[in-house]
Amino acid sequence: MYLSDLIITGQPQISLDELFLDPLARDAINQLLKEHNYIDELRRYALPVNNKILLYGSSGCGKTTTAKAMAAALGKSIYVLNLSNVVCARIGETGQNLKMVFDKAAREKAVLFLDEFDQIGKERSADDKDSGEMRRLVNTLIQLIDYFPEQALLVVATNHPDLIDPALVRRFQLRLGYTMPSKEVLDNYYDSLLDRFPAELKAVERRYAISFAEAKDSVLTAVKAKLIARLEKQAEACE
């Protein structure tokens, strides 16, 4: 397996200011970023620098976007684990694949993002079918996380934090929960998405009780439909 098969790179950058975060989560992330900006000064006083973050909660509510925004804020490359290629049926190979990815992120002082972390960090007693291999994989992960350097950043995400082995969870200094946005938050999000369009394209249906990802897909699809309808009408008038 080649290293290029194990990671995905080149994600678009996004600013933290563009994220709709809970105030407490935003403060915690800003504190972590400041620690990395002043890492040399903190080390002079033998102060640890937090660099392991667990993001958990509803799908489509900003976990992946948060990882990308943190990388952009720190000016670091971001490597996203390609889970479909990392997991291997051969005993021990999944752990070797993970080590290759961790080593690359460590060397380059990058942000390493592991999505669906519960798939590789499942609680060791929960997998009766292949408990031996799961124990080996979790033990490998524990070592990789413990020795991950402070200059790099490890961000993992899961929709099912209860499935993750407690020994892994304890190793994350920052654990942030993501919930479905309220109507007020979604209205603010819709306003930010629609701000760049002319007034006639902004009058679209707003859906609620959905994630940010679903809201974005819904409103932009509606805008495109309005724009295409307007263009078709203009074309017909010119015939």
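Keep in mind it's a predicted model, so treat the numbers as computed, not measured.

What counts and what doesn't
Residues numbered from 1 in each chain as written. Predicted model: local features only at pLDDT ≥ 70, side-chain atom pairs only at ≥ 80, totals over all residues. Heavy atoms only, no water. Helix = DSSP H or I, 4+ residues; strand = E, 2+ residues; numbered from the N terminus. Expected span 1.5 Å × (residues − 1). Buried < 20%, exposed > 50% of the residue type's maximum accessible area, 1.4 Å probe, protein only. Core = buried A, V, L, I, M, F, W, Y, C linked by side-chain atoms within 4.5 Å. Contact = heavy atoms within 4.5 Å. Pairing = 2+ DSSP bridges. Axes fitted to C-alpha atoms, helices over the stretch in contact; angles between N-to-C directions. 1 Å grid on protein atoms, 1.4 Å probe; cavity = no way out; pocket = protein on both sides within 12 Å on 5 of 7 lines; lining within 4 Å. Points joined across faces, edges and corners; volume = space filled by probe spheres on them. Nonpolar A, V, L, I, M, F, W, Y, C, P; charged D, E, K, R; others polar. Salt bridge = Lys/Arg side-chain N within 4 Å of Asp/Glu carboxyl O.

Draft legend 1. Representation of helix α5 (residues 93–107) in the model. In this model, α5 (15 residues) spans 21 Å end to end at C-alpha, consistent with the 21 Å of a helix rising 1.5 Å per residue. Along α5, the residues classified as buried are E93, T94, G95, N97, L98, V101, F102, K104 and A105. Backbone geometry just after α5 places K109 at a positive phi near 50°.

Draft legend 2. The nonpolar core, seen in detail. Membership of the largest hydrophobic core comes to 32 residues, with the highest contact counts inside it found for F102, L112, L114, F117, I120 and L154. If you list the elements that add at least two residues to this core, you get β3 (78–81), α4 (83–86), α5, β4 (111–114), α6 (131–146), β5 (153–158) and α7 (166–169). Per-element accounting of this core gives the leading share, 7 residues, to α6. For F102, the residues in contact, after removing those within four places along its chain, are L112, L114, L141, L144, I145, F148 and L154. Counting 25 residues, the second largest nonpolar core, distinct from the first, contains L19, C61, I78 and L176.

Draft legend 3. Structural detail: helix α3 (residues 63–74). Taking 1.5 Å of rise per residue, 12 residues should cover 16 Å, and α3 covers 17 Å from first to last C-alpha, within 8% of that figure. Those residues of α3 not exposed but buried are K63, T66, A67, A69, M70, A71 and L74. Following α3 by one or two positions, G75 adopts a phi angle in the positive range, close to 70°.

Draft legend 4. Expanded view of the sheet that holds strand β6 (residues 174–178). Pairing is mixed across the open sheet formed by 6 strands, whose spatial order is β1-β3-β4-β5-β2-β6. Two strands bound the open sheet, and with one partner strand each, they are β1 (7–8) and β6. Sheet analysis places β3 next to β4, joined by 3 bridges and oriented parallel. If you follow Y79 over to β4, its bridge partner there is L112. Sitting on the sheet, helix α1 (residues 23–37) touches β2 (52–57), β5 and β6, and the angle it makes with β6 is about 145°.

Draft legend 5. Representation of the layout of surface pockets within the structure. Considered as a void within the structure, the largest pocket measures approximately 890 Å³ in volume. Lining the largest pocket are 34 residues, and of these G60, G62, T64, T65 and A213 sit closest to its centre. Contributions of two or more residues to the lining of the largest pocket are made by α3, β5, α8 (183–194) and α10 (212–238). The element contributing the most residues to the lining of the largest pocket is α3, with 5 residues. Its residues placed into classes, the lining of the largest pocket shows 13 nonpolar, 13 polar and 8 charged.

Draft legend 6. Up close: the pattern of salt bridges. Tallying each qualifying case throughout the model produces 8 salt bridges. Note that D103 is salt-bridged to K99, the shortest N-O span being 2.8 Å. Residue D103 and its partner K99 are located together in helix α5, separated by 4 residues, close to a single helical turn. Taking the relative accessible area as the measure of exposure, K99 reaches 44% and is therefore partly exposed. Between R206 and D187 there is a salt bridge; the shortest N-O distance is 3.1 Å. Placement of the pair is R206 in the loop between α9 (199–202) and α10 and D187 in helix α8, with a sequence separation of 19 residues. By relative accessible area, which is 26% here, R206 ends up partly exposed. What you see here is one network of salt bridges that share partners, running through K183, D187, D191 and R206.

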